[in-house]
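Single-letter residue listing:
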Amino acid sequence: MIKINSYDVTTPHGVVTLYTLTNSTGASVELQSLGAGVRSICVPDDNGIISNVAIGYADLADYYADGPCAGKTPGRYANRIGEGKFSIEGQRYQLRINNGPNALHGGPEGFANKIWQSYTCGDSVIFTLFSPSGDENYPGNMIVSVIYTWSEDNQLTIKYQAVADEPTVINLTNHTYFNLRGENTGADALKSHLLQIFASHYLPTNDSLVPTGVIAPIAGTPMDFTKPKAIGKDLFADFPALNIGKGYDACWVIDEWNNDSQLKEAVVLTDEKSGRKLSVYTTQPAVQIYTGNWLEGAPKSISGGLYHDYDAVAIECQGMPDAPNKPNFPSQLLLPGKVYNQTIKYIFSTL
């Protein structure tokens, strides 16, 4: 049985509830109601030494409107919508712009910056949020749930569910940044991690990181992670996607996805020095890999230090960015009477 402890912390933005889920081996996950997010993930290395492998902040107040969106649930629409514009059934919507010319992660007051309602149920913590029609200019009243479950064998499962009373769009993910050597071990450690992505295509973007609509093969490019490859090997290669993003900040199309609601393996991240391994499974069609290219200046870390660029990697399983404007991408439209239902599973193990 998973042991769950909780307590409240008063911040300038309201009372935030924290939950620590610990299994019988001592491995644990800490969650928080601000942004329905992950604050830490403490798992063993191949010598049994438990360390936190997810970046987080010392001060809970720093999670509000943080640039990295560390560990949180961005929404209503994770990633970018070009120029913040889309149409549903001929009705045009203009979202608030918060990332160059685009709307990013649901806007400046999106789901990641809300304090969610929360409660425990068995081995799970459930976060819920009511998003009224017009929230960040999205249509329809929406009720959202994010369910975190921690297991005895160090598996973190996240289930996303949502309903709305008008046609609207939705795209939810988790924005945890990982460094399997330990959250405070720095960029050199992260760059030596081996990354494998089960994807033979990615989405090229314009200069503001909005997909062009092309689904391009990765063969022969620095975007090819079909076999395990050190993150740092091609990180600064002269290639359009890397030049635009100052490193990897791109979306890969998962090969085996076919909209059957079944979990598919998307990513494997390995740190040979610590012996830690992370396998990521999802029901979603794509995964954004972001190598923390702009972490410099982030709030003080949970361990008391500072984060720097490339200290950790975000693995964001999701629908495709700008899908509301790209008819050839899988639809992220949510209709009344339908349930948005997606899952991400992080499996931590050792080599």
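Quick caveat: nothing in here was measured; it's all calculated off a predicted structure. (Residues numbered from 1 in each chain as written. Predicted model: local features only at pLDDT ≥ 70, side-chain atom pairs only at ≥ 80, totals over all residues. Heavy atoms only, no water.)

Colleague: Is there a simple way to explain the nonpolar core in this structure?
Modeller: The nonpolar side chains of a soluble globular protein tend to be buried, and buried together. Formed by 67 residues in total, the largest nonpolar core has its most connected members in I41, W252 and F348. In terms of nonpolar packing, the next biggest core, distinct from the first, is built from 16 residues, F86, I88, Y93 and A323 among them. (Core = buried A, V, L, I, M, F, W, Y, C linked by side-chain atoms within 4.5 Å. Buried < 20%, exposed > 50% of the residue type's maximum accessible area, 1.4 Å probe, protein only.)

Colleague: Sorry if this is basic, but what is going on with the sheet that holds strand β13 (residues 155–164) here?
Modeller: Backbone-to-backbone hydrogen bonds join strands into a sheet, with any given pair of strands oriented parallel or antiparallel. One open sheet accounts for nine strands, arranged β10-β11-β12-β13-β26-β22-β21-β16-β19; its pairing is antiparallel. Here the strands that pair on one side only, and so sit at the sheet edges, are β10 (117–121) and β19 (229–230). Looking at chain direction, β10 and strand β11 (residues 124–131) are connected through five bridges and run antiparallel. Within the sheet, the bridge partner assigned to Y119 lies in β11 and is I126. (Pairing = 2+ DSSP bridges. Helix = DSSP H or I, 4+ residues; strand = E, 2+ residues; numbered from the N terminus.)

Colleague: Mind showing me how you'd approach the sheet that holds strand β5 (residues 50–52) here?
Modeller: What the five strands build is an open sheet, ordered β1-β2-β3-β4-β5; its pairing is antiparallel. Strands with a single pairing partner mark the edges of an open sheet, and in this sheet they are β1 (3–11) and β5. Neighbouring strand axes in the sheet, compared pairwise and without regard to direction, differ in orientation by 15 degrees on average. Bridge count between β1 and strand β2 (residues 14–22): nine bridges; the pairing is antiparallel. Within the sheet, the bridge partner assigned to N5 lies in β2 and is T20. (Axes fitted to C-alpha atoms, helices over the stretch in contact; angles between N-to-C directions.)

Colleague: Would you mind going over the pairing of strand β23 (residues 286–290) with me for this structure?
Modeller: On a regular strand, one side chain projects to one face of the sheet and the next to the other, so that they alternate. Summarising burial for β23: five of the five residues are buried, a large majority. Burial along β23 is two-sided: A286, Q288 and Y290 and V287 and I289, pointing in opposite directions, are all buried. Both strand β20 (residues 249–253) and β23 contribute to a ladder of five bridges, which runs antiparallel. Bridge pairing in β23 links W252 to V287. With five bridges joining them, β23 and strand β24 (residues 313–318) adopt antiparallel strand pairing.

Colleague: What's the story with the side chain of S40 in this structure? I'm lost.
Modeller: As for its placement among the helices and strands, S40 is situated in strand β4 (residues 37–44). With a relative accessible area of 7%, S40 lands in the buried category. Discounting chain neighbours no more than four positions away, the residues touching S40 are S28, V29, E30, N52, A54 and I302. (Contact = heavy atoms within 4.5 Å.)

Colleague: What is the right way to read the packing of aromatic side chains from this model?
Modeller: This structure, assessed with the given rule, holds 15 aromatic pairs. Ring geometry for F225 against W252: centres 6.3 Å apart, planes inclined by 75 degrees, an arrangement best described as edge-to-face. You can see F225 sitting in the loop between β18 (216–217) and β19 and its partner W252 sitting in strand β20, a full 27 residues away along the chain. Like F225, the residue W252 is buried in the burial classification. Among the aromatic residues, ring-to-ring pairing joins W150, F178, Y346 and F348 into one connected group. (Phe/Tyr/Trp six-rings, centres within 6.5 Å; stacked < 30°, edge-to-face > 60°.)

Colleague: Any chance you could explain unusual backbone geometry here in plain terms?
Modeller: One can expect most non-glycine residues to show negative phi and most peptide bonds to be in trans. Here the bond from G75 into R76 is cis, since omega is 10 degrees, no more than 30 degrees from zero. You can see R76 is positioned in the loop between β5 and β6 (80–81). Phi is positive for N79, close to 70 degrees, though the residue is something other than glycine. You can see N79 is positioned in the loop between β5 and β6. The phi dihedral of E136 is positive, around 55 degrees, even though this residue is not glycine. If you trace the backbone, E136 turns up in the loop between β11 and β12 (142–150). Looking at E136, the relative accessible area reads 8%, which means it is buried.

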